[in-house]
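Examination of the molecular architecture
Next come the chains, spelled out residue by residue.
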Amino acid sequence: MKSFAGASLLSLALVAHGSTAHAAAGWSVSHATAAASGTTRPVDSGGVSAPGLAVEGELSNSGSGCYTLWIQWTADLTVGPPIKMGTQCGPGSVPVRFQKPGGLGTTWVKICRDTQHTDCSPIQYL
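Residues numbered from 1 in each chain as written. Predicted model: local features only at pLDDT ≥ 70, side-chain atom pairs only at ≥ 80, totals over all residues. Heavy atoms only, no water.

Description of the pattern of salt bridges
Per the stated rule, a full pass over the model turns up three salt bridges. Where Glu56 meets Arg41, a salt bridge forms, and the shortest distance between an N and an O atom there is 3.5 Å. Of the two residues, Glu56 sits in strand 3 (residues 52-61) while Arg41 sits in strand 2 (residues 34-43), which places them 15 residues apart along the sequence. Looking at Glu56, the relative accessible area reads 24%, which means it is partly exposed. Owing to a relative accessible area of 37%, Arg41 belongs among the partly exposed residues under this scheme. A salt bridge links Glu56 to Arg97; its shortest N-O distance comes to 3.5 Å. Of this pair, Glu56 sits in strand 3 while Arg97 sits in strand 7 (residues 92-100), and the two are 41 residues apart along the sequence. Residues joined in a network through salt bridges with shared partners are Arg41, Glu56 and Arg97. (Salt bridge = Lys/Arg side-chain N within 4 Å of Asp/Glu carboxyl O. Helix = DSSP H or I, 4+ residues; strand = E, 2+ residues; numbered from the N terminus. Buried < 20%, exposed > 50% of the residue type's maximum accessible area, 1.4 Å probe, protein only.)

Following this line, the structure appears as structure tokens:
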């Protein structure tokens, strides 16, 4: 019975972290004339039971406006504030990179028009 409970807790931890494997995974999100894509990979988080998450990619825009890529996550059932990963104004692209600390929870990204956290794409879970 004890090993069953341990296995269930491990499965729950992996699902809550959003990954069942420690390999790189791809992501993409778009909004109006902007798009972002990249990869995520687990990183050592210095003794925390769940690994941190490195998020890397590129935000591009084909239109004249400004678009911002935001990252946000939950930790211990608390939603953290949105954090700006990068902004692209006008046509072009910018690399985006962020390292989230370890812990159980979910992580997501979205693209918003301008530099405010409004008029945004649906969230994309990582």
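Having seen the structure, we can now continue with the description.
Overview of the packing of aromatic side chains
Under the defined criterion, the tally for this structure stands at two aromatic pairs. Seen in terms of ring centroids, Trp73 and Phe98 are 5.7 Å apart; in terms of plane orientation they differ by 45°. Their pairing is tilted. One end of the pair, Trp73, is in strand 4 (residues 66-75); the other, Phe98, is in strand 7, with 25 residues separating them in the sequence. Both rings, one in Trp108 and one in Tyr125, keep their centres 5.9 Å apart while their planes meet at 65°; by these two values the pair is edge-to-face. One end of the pair, Trp108, is in strand 8 (residues 107-113); the other, Tyr125, is in strand 9 (residues 124-125), and 17 residues separate them in sequence. (Phe/Tyr/Trp six-rings, centres within 6.5 Å; stacked < 30°, edge-to-face > 60°.)

Focus on the sheet that holds strand 7
Reading across from one edge, 1-2-3-7 is the order of the four strands in this open sheet, with antiparallel pairing throughout. Only two strands of the sheet have a single partner each, and these edge strands are strand 1 (25-31) and strand 7. Mean inter-strand twist for the sheet, computed between neighbouring axes without regard to direction, equals 20°. Where strand 2 meets strand 3, ten bridges bridge the pair, whose relative direction is antiparallel. Looking at the pairing, Ala34 lines up with Asn61 of strand 3. (Pairing = 2+ DSSP bridges. Axes fitted to C-alpha atoms, helices over the stretch in contact; angles between N-to-C directions.)

Section: unusual backbone geometry
Within the chain, Asp114 stands out as a residue other than glycine whose phi angle is a positive 65°. Looking at the secondary structure, you find Asp114 in the loop between strand 8 and strand 9. Among the residues examined, Asp114 registers a relative accessible area of 42% and is labelled partly exposed. Phi is positive for Asp119, close to 50°, though the residue is something other than glycine.

Some words on the state of the cysteines
In the structure shown here, the tally under the stated rule is two disulfides. For Cys66, the disulfide goes to Cys89, at an S-S distance of 1.9 Å. On the sign convention where negative means left-handed, the S-S torsion of about 115° between Cys66 and Cys89 marks this disulfide as right-handed. Taken as a pair, Cys66 in strand 4 and Cys89 in strand 6 (residues 83-89) lie far apart in primary sequence, 23 residues in all. Look at Cys66 and you get partly exposed, because its relative accessible area is 21%. Here Cys112 is linked by a disulfide to Cys120, with a sulfur-sulfur distance of 1.9 Å. Given an S-S torsion of about 100°, the disulfide between Cys112 and Cys120 has right-handed geometry. (Disulfide = S-S within 2.5 Å.)

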